[in-house]
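Architecture at a glance
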Amino acid sequence: MPYQDKKTSSAKVNHKFLLPENPKIPEGDYPAKVTGWKVIPMMFGAPKMVVQCDVVFQDAVVPLAFFCNVKLTEDNEIIPPGRRSHLYKLMTAMLPSDSRERSLNDLIGLQCWAKVETCVNDERRQPKPLSEQFSVIRQISPKEQEPDDVPF
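Reference entry: report on the structure contained in this document.

1. A short note on the pairing of strand 3 (residues 60-69)
Where strand 2 (residues 48-57) and strand 3 come together, 10 bridges link them in antiparallel fashion. Among the inter-strand pairings, Phe57 is bridged to a residue of strand 3, identified as Ala60. The turn linking strand 2 back onto strand 3 is made up of two residues, and Gln58 within it adopts a positive phi angle of 55 degrees.

This is the structure in structure tokens:
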């Protein structure tokens, strides 16, 4: 017998749904464009920052993410990252400046190169089945010259 809450009934809920599709493309360096960023809380541990990019693969645009650690104050302000952190390297490479002040919003719309790798291990560093593997961006670097065939 299915569970039914007294306040709501599951009889009207469709029992079928699709699991999200995780994009997977071959590993390599691809032209990309930064489309946004957000900080996501993690259940156990420090929050992560996600930089969303549209990666050009053959004739398609594939949305992929770049993850890095970020530390926040109690007022949700970003604590200055250390020189070895992914965030520091990303910001100094993509937004070179003599000033120490940076804004993540300045990344949006920038064209870049994305080094794409396949995520093959789960959170416990155990191998994932082929059906659960997906592509992530491991490094974002500035784009010096734009080829004419990039569809942005």
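2. Describing the side chain of Thr118
Positionally, Thr118 belongs in strand 4 (residues 111-119). In contact with Thr118, other than residues within four places in its own chain, are Lys24, Ile25, Glu27, Gln133, Phe134 and Ser135.

3. Here's the deal with the nonpolar core
Residues Ile25, Val51, Val55, Leu107, Val116, Ile137 and Ile140 are the most contacted members of the largest nonpolar core, which totals 26 residues. Elements supplying a minimum of two residues to this core: strand 1 (28-40), strand 2, strand 3, helix 1 (86-94), strand 4 and strand 5 (134-142). Ranked by residue count, the leading element in this core is strand 2, at five residues. Not counting residues up to four positions away in its chain, the partners in contact with Ile137 are Cys53, Val55, Leu64, Ala65, Phe66, Phe67, Ala114, Lys115 and Val116.

Parameters and conventions
- Residues numbered from 1 in each chain as written.
- Predicted model: local features only at pLDDT ≥ 70, side-chain atom pairs only at ≥ 80, totals over all residues.
- Heavy atoms only, no water.
- Pairing = 2+ DSSP bridges.
- Helix = DSSP H or I, 4+ residues; strand = E, 2+ residues; numbered from the N terminus.
- Contact = heavy atoms within 4.5 Å.
- Core = buried A, V, L, I, M, F, W, Y, C linked by side-chain atoms within 4.5 Å.
- Buried < 20%, exposed > 50% of the residue type's maximum accessible area, 1.4 Å probe, protein only.

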